[in-house]
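Each chain, written out:
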Amino acid sequence: MRHVLAKCIIILSLLLPALLLSAEEKELKVPKGGNLSTMLKNEGIPGQQILDVTKALSAHYNLKHIYPNQKILIKTEDDPEVRLMELRLSADFDKDIVVKYNGYAYESYPEMLSLRMVPVAAEGSIESSFYNDMSAAGVAGAKIMELFRIFSFDVDFQRDIRKGDKFKVLYYDFIKDDGTVVKHGPLAFASLKTNFSDVNLYGFVTDSNEYDYYSSEGKSVRKTLLKTPVANARISSTYGMRTNPVYGYESFHKGLDFAAPLNSPILASGSGTVELAGWFDIYGNCIILRHNNGYKTLYGHMNAYGKGIKKGVRVKQGQVIGYIGSTGMSTGPHLHYEVILNDVKINPASVKSPPERNLTKNEMERFTKRKAQIDELFENLKKKD
Ligand SMILES: [Zn+2]
């Protein structure tokens with residue numbers, strides 16, 4: 001018995017150095033406010049190695065740019081003290097920075113990951129919610145949020161979405177050799193059909209290398225509010241302090257006044273729903289429109305309402321909603337116009353319009369080809385399902 005035990009001890013003692021020498025691989029994630037030196041220290045890496053490794057790494061990566069949840073892979077050996085053999089920092093979705101110990105020093109180099117672009121096509125209808133049903137159809141969460149923002153230019157999510165509304169989505173995933181998705185690429189195509197609108201969007205890179213979304217007709221999707229809701233008007237009073245024209249006291253004017261001849265048409269500055277069409281105190285005959293993304297616009301002192309304009313009616317950007325008048329507290333024919341963002345009256349002149357431009361002839365030709373390719377790709381992918 002004692003003999004057997006002795007044998008075991010001999011075998012163990014022979015194995016022990018080999019066990020100690022075994023390499024260990026570990027994936028670390030940068031904690032909030034964390035830095036690489038502290039992370040390596042916590043892993044038991046000796047101070048001099050930390051200095052050497054961070055110095056080598058700095059040749060290819062600014063360690064000030066390290067961010068929470070960034071992935072860092074380390075390989076260590078016990079030889080006889082801990083030796084950091086390799087460190088791999090995920091610098092971008094398609095690039096790692098590698099630091100390797102070559103036996104006497106650390107060297108570092110960037111390594112491009114070989115990624116495949118795989119199209120993801122999803123199709124379905126809304127049964128419970130936009131998010132849930134898109135998710136169930138296989139659309140990534142981050143993409144759903146992006147779709148929500150882009151569709152918001154045309155779709156009123158509070159009111160327009162009904163059970164049975166149809167959607168289609170196509171985008172690309174970047175996939176590593178081991179099959180993991182490292183990044184969801186931009187949307188190539190998205191479609192949402194409701195009772196109120198049929199929105200089809202195509203991602204397209206312009207000649208000036210800008211990626212944006214365009215309708216089937218090649219029109220930019222991004223629409224904000226019209227700067228001037230009355231044609232041929234002049235601004236007669238701006239947003240800010242002024243002497244009240246009726247009572248003479250100083251007050252803050254929370255809108256823009258556009259002077260124009262009596263009965264000049266007033267246009268809806270954005271698509272939306274009529275929230276109010278009626279007499280409203282000092283504003284006289286007044287219309288309030290509710291738009292997407294928290295915007296409302298108010299039109300005061302009107303002489304008459306546009307055809308069919310009443311509470312609950314949906315209007316399109318540029319549609320005639322009323323005619324210039326001088327009803328309510330007013331000294332002459334003009335439109336008092338307000339922009340309200342999340343229930344706060346803001347300076348209408350401050351509403352930023354993203355650069356919205358039409359595609360050039362050359363871009364339009366490319367867009368038409370691209371659109372046909374995408375439509376075909378989507379059909380083929382859905383046939384495979
Ligand atoms: Zn005014």
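Given the structure is predicted, the values throughout are model-derived calculations rather than measurements.

Q: Looking at this model, I keep getting lost on the domain arrangement of the protein chain. Mind explaining?
A: The figure often quoted for interface size is the accessible area lost as the parts come together. Domain boundaries assigned for the protein chain yield domain 1 (20-112), domain 2 (116-214) and domain 3 (234-350). The C-alpha centroid of domain 2 is placed 38 Å from the C-alpha centroid of domain 1.

Q: How should I be thinking about the sheet that holds strand β2 (residues 71-78) in this particular structure?
A: Strand pairing in a sheet takes place through backbone hydrogen bonds and is either antiparallel or parallel in direction. If you trace the 5 strands from one edge of the open sheet to the other, you get β1-β2-β3-β4-β5, paired in antiparallel fashion. Looking at the sheet topology across the chains shown, the edges are occupied by β1 (24-29) and β5 (106-112). Taken pair by pair, the neighbouring strands of this sheet meet at an average axis angle of 20°, ignoring direction. Here 6 bridges tie strand β3 (residues 82-92) to strand β4 (residues 95-101), and the two strands are oriented antiparallel to one another. Within β4, the position partnered with glutamate 86 by the bridge is lysine 100. Docked against the sheet, helix α3 (residues 47-58) engages β3, β4 and β5, running at close to 30° with respect to β3.

Q: What is the right way to look at the sheet that holds strand β9 (residues 198-205) in this model?
A: One open sheet accounts for 5 strands, arranged β6-β7-β8-β9-β10; its pairing is antiparallel. Each edge of the open sheet is held by one strand with a lone partner, namely β6 (116-125) and β10 (211-214). On average, each strand axis in the sheet is tilted by 25° relative to the strand beside it, whichever way the strands run. For strand β8 (residues 181-193) and β9, the ladder comprises 5 bridges, and the chain directions are antiparallel. Its bridge partner being in β9, leucine 192 is matched across the sheet by valine 199. Helix α5 (residues 141-151) contacts β7 (166-175), β8, β9 and β10 of the sheet and is inclined by roughly 35° relative to β8. Along the sheet, helix α6 (residues 361-384) contacts β6, β7, β8, β9 and β10; its crossing angle with β9, the most-contacted strand, is approximately 115°.

Q: Quick question: what am I supposed to make of the layout of surface pockets here?
A: A water-sized probe rolled over the atoms picks out the places where empty space is left. By volume, the largest pocket amounts to about 500 Å³. Around the largest pocket, the lining comprises 20 residues; the ones closest to its centre are Asp154, Ser197, Val199, Lys223 and Lys316. Listed by contribution, the elements that provide at least two residues to the lining of the largest pocket are β9 and β20 (314-315). Ranked by residues supplied to the lining of the largest pocket, first place goes to β9 with 4 residues. Class assignment of the residues belonging to the lining of the largest pocket gives a composition of 6 nonpolar, 7 polar and 7 charged. Mapped onto the domain boundaries, the lining of the largest pocket takes at least three residues apiece from domain 2 (116-214) and domain 3 (234-350).

Q: How should I be thinking about the pattern of salt bridges in this particular structure?
A: Proximity of charged atoms lets side chains of opposite charge pair with each other. Under the criterion given, the structure shown has 14 salt bridges. Measuring nitrogen to oxygen at the nearest pair gives 3.2 Å for the salt bridge that ties lysine 345 to glutamate 338. Classification of glutamate 338 as buried rests on a relative accessible area of 2%. Among the charged side chains, a salt-bridge network with shared partners connects Lys75, Glu86, Arg88, Asp96 and Glu111.

Q: What am I meant to see in the coordination of the zinc ion here?
A: Tetrahedral coordination by four donors places them ideally at 109.5 degrees to one another around the metal; octahedral coordination by six donors ideally gives 90 or 180 degrees. With distances of 1.9 to 2.2 Å, the protein atoms coordinating the zinc ion are His253 (NE2), Asp257 (OD) and His336 (ND1). In primary-sequence terms, the residues that donate to the zinc ion follow H-x3-D-x78-H. Here aspartate 257, found in strand β14 (residues 256-259), pairs with histidine 336, found in strand β22 (residues 334-341); they are 79 residues apart in sequence, far enough to count as distant. Of the two residues, aspartate 257 and histidine 336, neither departs from the other in class, the shared state being buried.

Q: Explain a negative patch on the surface here, please?
A: Together, Glu24, Asp78, Asp79 and Glu81 line one region of the surface with negative charge. Tracing the backbone through its elements, the reader meets glutamate 81 in the loop between β2 and β3. Take glutamate 81: its relative accessible area is 47%, and that puts it in the partly exposed class.

Q: How should the pairing of β4 be read in this particular structure?
A: The two faces of a sheet get side chains in turn, since along a regular strand they alternate between them. In terms of burial, β4 is largely enclosed, as 5 of its 7 residues are buried. From the end of β3 to the start of β4, which pair antiparallel, there are 2 residues. Bridging between β4 and β5 involves 7 bridges; their strand directions are antiparallel. The partner of lysine 95 across the bridge, within β5, is methionine 112. Following β4, the chain reverses through 4 residues before pairing antiparallel with β5; glycine 103 in that reversal takes a positive phi of roughly 110°.

Definitions and cut-offs
Residues numbered from 1 in each chain as written. Predicted model: local features only at pLDDT ≥ 70, side-chain atom pairs only at ≥ 80, totals over all residues. Heavy atoms only, no water. Domains from an automatic or database assignment. Pairing = 2+ DSSP bridges. Helix = DSSP H or I, 4+ residues; strand = E, 2+ residues; numbered from the N terminus. Axes fitted to C-alpha atoms, helices over the stretch in contact; angles between N-to-C directions. Contact = heavy atoms within 4.5 Å. 1 Å grid on protein atoms, 1.4 Å probe; cavity = no way out; pocket = protein on both sides within 12 Å on 5 of 7 lines; lining within 4 Å. Points joined across faces, edges and corners; volume = space filled by probe spheres on them. Nonpolar A, V, L, I, M, F, W, Y, C, P; charged D, E, K, R; others polar. Salt bridge = Lys/Arg side-chain N within 4 Å of Asp/Glu carboxyl O. Buried < 20%, exposed > 50% of the residue type's maximum accessible area, 1.4 Å probe, protein only. Donors = N, O, S within 2.8 Å, 3.2 Å for Na, K, Ca; no water. Patch = residues over 30% accessible without salt bridge, like charges linked within 9 Å, V, L, I, M, F, W, Y side chains within 5 Å. Areas by Shrake-Rupley, 256 points an atom, 1.4 Å probe, with all protein chains shown as cover. Lys, Arg positive; Asp, Glu negative; His and termini not counted. Charge placed at Lys NZ, Arg CZ, Asp CG, Glu CD.

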